[in-house]
Amino acid sequence: MKKVIEASTAVALGVKLCEPGVIPMYPITPQTHIVERLADYINDGLLSSEMIHVESEHSAISAALGAEAMGVRTFTATASQGLALMHEILFVVAGMRLPVVMAVANRALSAPINIWNDHQDSISERDSGWIQLYVESAQEALDTIIQAYKIAENRKVLLPVMVCLDGFTLSHVYEPVDILKQEDVNKFLPQYNPLFKLDPKKPITMGPIGFPNTYMEFRKQTHDTMLDSINIIKDVNNQFKESFNRSYGNGLIETYKIEDANYAIAAMGTACSTTRVVVDELRKQGKKVGLIKIKSFRPFPKQEIISCCKNIKGIAVIDRNISLGNEGALYTELRSAFYNQNKKPIIKGFIAGLGGRDITPDHIKTAFKKIENSSDTEWLL
Amino acid sequence: MKKPKITVGAVIEEPGSTIKNKTGGWRSFRPVRDKKKCTKCGLCWQFCPDNAINENFDVNYDYCKGCGICANICPFKAIKMVKEEK
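Everything numeric here is computed off the predicted structure, so don't read it as measured data.

Q: Hey, could you run me through the overall build of chain B in this one?
A: Summing up its helical and strand segments, chain B has three helices and two strands in all. Mapped from its N terminus to its C terminus, chain B presents α and β elements in the order α-β-α-α-β. With respect to the three principal axes, the spread of C-alpha positions in chain B is 50 × 30 × 15 Å. Within chain B, the proportion of its 86 residues that are buried is 29%. Once local pairs closer than 6 in sequence are excluded, the contacts in chain B between residues at least 24 apart make up 67%. Of the accessible surface of chain B, which amounts to about 6,400 Å², a share of 54% is contributed by carbon and sulfur atoms. Charged side chains of chain B number 17 positive and 9 negative; the gap between the two group centres comes to 5 Å.

Q: Is there a simple way to think about the packing of helix α1 (residues 7-18) of chain A against helix α2 (residues 32-43) of chain A in this case?
A: Helices that pack against each other are described as a pair by the angle of their axes relative to one another and the distance between those axes. All names here are of chain A. Packing of α1 against α2 leaves a shortest axis separation of 8 Å and a crossing angle of 45°. As summarised for this structure, α1 and α2 are arranged oblique, according to the angle between their axes. Both α1 and α2 take part in a crossing whose hand is right-handed. Residues Ser 8, Thr 9, Val 11, Ala 12, Leu 13, Val 15 and Lys 16 of α1 form the contact with α2, whose participating residues are His 33, Ile 34, Arg 37, Leu 38 and Tyr 41. Residue composition of the contact of α1 with α2, by class: seven nonpolar, three polar and two charged.

Q: Hey, could you run me through the packing of aromatic side chains in this one?
A: Aromatic rings considered in pairs are described by the distance between their centres and by the relative angle of their planes. Counted under the stated rule, the structure contains six aromatic pairs over all chains. With a centroid separation of 5.5 Å and 85° between ring planes, the pair formed by Phe188(A) and Phe240(A) is classed as edge-to-face. With Phe188(A) in helix α7 (residues 182-188) and Phe240(A) in helix α8 (residues 215-244), this residue pair connects regions lying 52 residues apart in the sequence. With respect to burial, Phe188(A) and Phe240(A) carry one shared label: buried. Ring centres of Phe240(A) and Phe244(A) lie 4.7 Å apart, and the angle between their planes is 45°; this geometry places the pair in the tilted category. Of this pair, Phe240(A) and Phe244(A) both sit in helix α8, four residues apart, which is roughly one turn of the helix. An aromatic cluster of at least three residues, connected via ring pairs, comprises Tyr134(A), Phe297(A) and Phe300(A). Sitting over the ring of Tyr61(B), Arg30(B) keeps its end group 4.3 Å from the ring centre.

Q: I'm lost on the packing of helix α9 (residues 271-284) of chain A against helix α12 (residues 361-372) of chain A in this one. Help?
A: Residues and elements named next belong to chain A. Orientation of α9 relative to α12, taken along the N-to-C sense of each, is 60°, at an axis distance of 9 Å. Judged by the angle between their axes, α9 and α12 are oblique. Note on packing geometry: the crossing formed by α9 with α12 is right-handed. Counting all contacts with α9, which are made through Thr 274, Thr 275, Val 278, Glu 281 and Leu 282, the residues of α12 involved are Pro 361, Ile 364, Lys 365 and Phe 368. Taken together, the residues that form the contact of α9 with α12 break down as five nonpolar, two polar and two charged.

What counts as what
Along each chain, the written sequence defines residue order, and numbers are assigned to residues from 1. Here chains are named by letter from A upward and ligands by number from 1 upward, in the order in which they appear as written. In keeping with the model being predicted, local features are shown solely for residues with a pLDDT of at least 70 and side-chain atom pairs are shown and tallied solely at 80 or more, while totals for entire chains, interfaces and linings include all residues. The basis for the side-chain values is all heavy atoms of the structure; hydrogens and waters are excluded. Helix and strand assignments come from DSSP, with helices taken as H or I runs of at least 4 residues and strands as E runs of at least 2, each series counted from the N terminus. Relative accessible area decides the class of each residue, using a 1.4 Å probe on protein chains only: under 20% of the type maximum gives buried, over 50% gives exposed, and in between gives partly exposed. For this analysis, residues touch if any pair of their heavy atoms sits within 4.5 Å. Throughout, the Shrake-Rupley method with a 1.4 Å probe supplies accessible areas, and for residues the shown protein chains are the sole cover considered. Note that His is not counted, nor are the chain ends; the positive residues are Lys and Arg, and the negative ones are Asp and Glu. Where a charge lies is defined by one atom per residue type, namely NZ (Lys), CZ (Arg), CG (Asp) and CD (Glu). Fitted lines through C-alpha atoms give the axes, limited to the stretch in contact for helices. The angle between two N-to-C directions lies from 0 to 180 degrees. By definition in this entry, angles of less than 35 degrees are roughly parallel, angles greater than 145 are roughly antiparallel, angles of 65 to 115 are roughly perpendicular, and the rest are oblique. Left-handed describes a crossing whose near helix is turned anticlockwise from the far helix by less than a right angle; the clockwise case is right-handed. Three classes are used, and their members are as follows: Ala, Val, Leu, Ile, Met, Phe, Trp, Tyr, Cys and Pro are nonpolar, Asp, Glu, Lys and Arg are charged, and the others, Gly among them, are polar. Paired rings are identified among Phe, Tyr and Trp, the last through its six-membered ring, by centres lying within 6.5 Å, and are further divided according to the angle between planes into stacked (under 30 degrees), edge-to-face (over 60) and tilted (the rest). Two conditions define a charge sitting above a ring: the NZ of Lys or the CZ of Arg must be within 6 Å of the ring centre, and it must be within 35 degrees of the ring normal.

Any functional reading would require information that these geometric values do not contain.
Here's what the structure looks like:
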């Protein structure tokens with residue numbers, strides 16, 4: 001059934017279809033519509049989740065941790081300063097291997113205070129051990145929430161997943177969305193069966209101290225699992241395609257007109273939709289250019305990116321974030337991925353769309369021109 | 001120290017690991033109780049964060065980390081923190 005709905009509603013409907021037992025929530029712009037819709041569903045008797053109204057995002061993620069430790073499927077959502085306040089507990093959730101799913105309506109970080117979109121909030125949590133999936137449309141947001149639970153709760157993964165959607169630019173946009181049927185989702189996503197849980201009948205210790213003789217082994221185990229999750233993310237994307245006849249590239253990256261391209265634009269989130277339009281325009285002018293949309297930022301799909309760039313001479317990387325004092329995060333990752341390859345494309349980084357500034361077709365065209373005309377030696381005439 | 005099992009999420013499946021893990025070696029000051037001053041009010045027993053004071057208000061030095069909360073809380077100054085010497 002297709003309906004024209006807001007992307008925040010699409011996220012909420014995706015969550016409703018997964019029927020989490022506990023939803024700790026604290027409102028923050030531009031995420032609030034997601035939890036408001038979930039509160040509506042509970043109030044209207046359409047969803048039987050326990051909603052916990054907490055006093056901060058630090059408490060929201062802590063309550064999600066506690067509920068998940070009891071073996072209950074949980075959901076929460078946040079953005080910007082809220083995600084920053086969760087920082088401490090994000091690492092604990094990942095280290096304790098609790099498959100919480102959280103939506104992040106990407107928003108800039110203060111100061112100056114700014115409620116609009118960029119990716120600085122979730123990029124700053126890059127190293128927390130959460131899988132990060134960036135979506136481009138309301139449909140992808142709904143579908144990715146359902147996939148996120150299937151990835152997170154897989155016994156070979158057991159890692160939390162952030163589903164990142166551009167604040168306002170996507171979260172408040174209305175689009176036609178195909179809403180999946182409950183019985184089909186139930187077939188796709190089995191009931192959550194935790195590997196371990198807190199149970200007075202069989203006591204265990206969770207979250208103990210890791211002394212110097214074990215801490216590194218635990219960290220390596222989580223890292224190895226994150227790398228292995230690459231295959232699970234691909235599998236889940238394929239299974240989703242089989243069940244619902246829809247998929248998003250290979251689940252990690254999605255390409256557009258890249259097969260015969262000489263140049264590529266790499267981006268995340270809604271900037272990819274703008275780039276698709278620009279690619280079509282440039283193709284009409286005879287330019288062989290394509291798009292690489294990075295959906296999974298963590299784990300970072302190095303091999304997948306390298307193998308789709310065999311004939312690529314140059315990549316323009318659009319970053320909606322900036323690591324102050326160095327460069328955009330996606331640019332750093334992409335260049336590092338190619339460093340040990342014999343054949344490397346020229347890669348240039350472009351910072352765009354911070355704090356809600358639009359990324360326009362002209363921006364993408366400028367980035368393309370700079371990568372197309374770039375050479376090792378330039379004449380200063 | 002025996003290397004513990006590397007379980008998923010560092011979960012310890014068997015209860016009782018806190019008893020096995022003696023922490024008295026962390027201490028640099030030990031609490032010493034003057035039985036003449038002690039009225040057995042029980043505040044030290046209540047406040048000890050490590051359950052290292054028993055119902056007779058004796059300190060279990062296998063687990064006492066020497067934090068000094070008992071000495072600080074004692075209204076009769078019956079507990080002194082004495083430097084540990086090798």
